[in-house]
Amino acid sequence: MKLTFRWYGEDDPVKLENIRQIPGMTGVVSAIYDIPVGETWPLDKIIALKENVNSKGLELEVIESVPVPEAIKLGLPERDDLIENYKATIRHLGQAGVKVVCYNFMPVFDWTRSHLEHELEDGSNTLVYYKNQVDKMDPLSGELSLPGWDESYSKDDIKSLFDAYKSVDEEKLWENLTYFLKTIIPVAEEAGVKMAIHPDDPPWSIFGLPRIITSEASLDRLINIYDSEYNGITLCTGSLGCSTKNDVVALTEKYAAMNRINFMHIRNVKIIEEGTFEEAAHMASMGSINVPGVLKALHKHNFKGYVRPDHGRMIWGETGKPGYGLYDRALGSQYILGIWDSINN
Ligand SMILES: [Mn+2]
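Think of each chain on its own: its residues are numbered from 1, step by step along the sequence as written. The predicted origin of the model limits local features to residues at a pLDDT of at least 70 and limits the giving and counting of side-chain atom pairs to 80 or more, whereas totals for whole chains, interfaces and linings rest on all residues.

**Things to note about the overall build of the protein chain**
Secondary structure elements are defined from DSSP: runs of H or I of at least 4 residues count as helices, runs of E of at least 2 residues count as strands, and each element is numbered from the N terminus. Looking only at helices and strands, the protein chain features 12 helices and 12 strands. We compute the radius of gyration from the C-alpha atoms alone; for a globule the expected value is 2.2 Å times N to the 0.38, where N is the number of residues. Here the C-alpha atoms of the protein chain give a radius of gyration of 19 Å, agreeing with the 20 Å that 2.2 N^0.38 yields for 345 residues. When its C-alpha atoms are laid out on the principal axes, the protein chain stretches across 55 × 45 × 40 Å. Put simply, the protein chain has 345 residues, and 43% of those count as buried. Working definition of burial: number of other C-beta atoms within 10 Å of the residue's own, with buried at 20 or more, exposed at 12 or fewer, and partly exposed in between, all C-beta atoms being placed from the backbone.

Right, here's the structure in full:
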């Protein structure tokens, strides 16, 4: 496996120089953040990003994410033009040597939590999802300030988005994903860029919006839409594993054997009860995820792909982007490498 670290560009308080000093780190996972969703990423901007990363001794072989515009998820008439732009972005990424693109197909909201700075017993801060609190939130009230959510949406924007999704149930969303993948994957194959869908986080419907990448059955359905290793998965242990319905070790074993895991996100969550969880340190005993079991499954199938420590807690007084501090993710990466080394030896 190749160990990587998510980096949010020059504005990230975590610097490339810091990441370079983490033992075993081969590269960063990043994106271009100043291009509006739906527009093609220019080749020269991608190359500039890559050269900057390479100049600090790190690789840039994974992009997370190239966002999928809502019009594609909704199946609106303008989707064909937007898919053309997406194809052009994939071609440019391939030309710049990018090997994997992580994306998701979640309507309106990306990952969702009730709090970003919940204090744990040891004084660290973590992201949590308390079902009773999220259930009380009303996105149409105009007062929703969902932590981490894109606040550039106005109250009117969100109302019209919710209206638009009234005619998109799960089956319709699957149709729109199928339409997207059948057009995109042949281009990804040509460009040498493996697509890796991120599961919905959390893996259940929120605010009445459809969510479809939530379980083994849905991952099976996804990979069968287009039979190619370029149509693969980001297996995120925390996103899938915050539901007791998903056995992440079994899922890793299954999709690694099929060569459909193009990217691994490894993190731990502590399930309080179904629908409520707290993110935890990577060490298995701190939460509900059998991280060593996941790594053993990858090792058994000779996994050569990219792995990154997913969210960490905020520790040692660090401030910054919730879930994406330096210290706890660095600790997590060493836990992952320690397990990997001990399996190897
Ligand atoms: Mn993830």
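**Thoughts on the pairing of strand E9 (residues 261–266)**
Burial analysis of E9 places six of its six residues in the buried class, the great majority of the element. Inspection of the sheet shows strand E8 (residues 231–236) paired to E9 by four bridges, in the parallel sense. Within the sheet, the bridge partner assigned to Ile233 lies in E9 and is Ile261. With four bridges connecting them, E9 and strand E12 (residues 306–309) associate as parallel partners. Counted as the bridge partner of Phe263 is Tyr306 from E12. Any two strands with at least two DSSP-identified bridges between them are counted as paired.

**Examining the sheet that holds E12**
Strand order around the closed barrel formed by eight strands is E1-E2-E3-E4-E7-E8-E9-E12, with parallel pairing between neighbours. Geometrically, the sheet is characterised by an average inter-axis angle of 30 degrees between neighbouring strands, direction not taken into account. As paired strands, strand E3 (residues 59–64) and strand E4 (residues 100–103) are joined by three bridges and run parallel to one another. Residue pairing for E4: Glu64 is matched across the bridge by Cys102. To define axes, lines are fitted to C-alpha atoms, for helices over the stretch in contact only, and angles between the resulting N-to-C directions are given on a 0 to 180 degree scale.

**Re the packing of helix H10 (residues 248–257) against helix H11 (residues 291–300)**
One can describe the packing of H10 onto H11 by two numbers: an axis separation of 9 Å at closest approach and a directional angle of 10 degrees. For the element pair H10 / H11, the angle class is roughly parallel. When H10 is examined against H11, the residues Val248, Val249, Thr252, Glu253 and Ala256 are found in contact with a partner set consisting of Gly293, Val294, Ala297 and Leu298. Polar here means any residue other than Ala, Val, Leu, Ile, Met, Phe, Trp, Tyr, Cys and Pro, which are nonpolar, and Asp, Glu, Lys and Arg, which are charged; Gly is therefore polar. Grouping the amino acids of the contact of H10 with H11 by side-chain chemistry returns six nonpolar, two polar and one charged. Should an angle lie under 35 degrees it is considered roughly parallel, over 145 roughly antiparallel, and from 65 to 115 roughly perpendicular; all remaining angles are considered oblique. We call two residues in contact if the C-beta atoms placed from their backbones are at most 7 Å apart.

**Let's talk about helix H12 (residues 327–344)**
Expected helix span is taken as 1.5 Å per residue step, with the number of steps being one fewer than the number of residues. Between its first and last C-alpha atoms H12 spans 26 Å; for 18 residues at 1.5 Å apiece the expected length is 26 Å, and the two agree. Considered for burial, the residues of H12 that qualify are Asp328, Arg329, Ala330, Gly332, Ser333, Tyr335, Ile336, Ile339 and Trp340. Contacts from the buried residues of H12 go to strand E1 (2–6), E9, H11 and E12.

**Things to note about the sheet that holds strand E5 (residues 115–119)**
A sheet is described by the order of its strands in space; here four strands give the open sequence E5-E6-E11-E10, paired in antiparallel fashion. Bordering the open sheet on either side are E5 and strand E10 (268–273), each of which pairs with just one other strand. Averaged over all pairs of adjacent strands, the angle between their axes in this sheet comes to 35 degrees, without regard to strand direction. As paired strands, E5 and strand E6 (residues 125–129) are joined by three bridges and run antiparallel to one another. Considered in E6, the bridge of Glu119 is made with Asn125.

**Details of the nonpolar core**
Among the nonpolar cores identified, the biggest contains 87 residues, and Val28, Val101 and Ile184 are the most heavily contacted of them. The element best represented in this core is helix H7 (residues 170–191), accounting for eight residues. The residues contacting Val101, other than those within four sequence positions of it, are Ile63, Val66, Ile90, Leu93, Val193, Met195 and Ala196. The term nonpolar core refers to a set of buried Ala, Val, Leu, Ile, Met, Phe, Trp, Tyr and Cys residues connected through C-beta atoms within 7 Å.

**A few points about the packing of H11 against H12**
Remark: H11 packs on H12, axes separated minimally by 10 Å, with the N-to-C direction vectors making an angle of 50 degrees. In terms of orientation, H11 and H12 fall into the oblique class. For the crossing formed where H11 meets H12, the hand is right-handed. On H12, the residues that touch Pro292, Leu295, Lys296 and His299 of H11 are Ile336, Ile339, Trp340 and Ile343. Split into classes, the residues belonging to the contact of H11 with H12 amount to six nonpolar, one polar and one charged. For a crossing to be left-handed, the near helix must be turned anticlockwise from the far one by less than a right angle; the clockwise case is right-handed.

These values are about where atoms sit, not about what they do.
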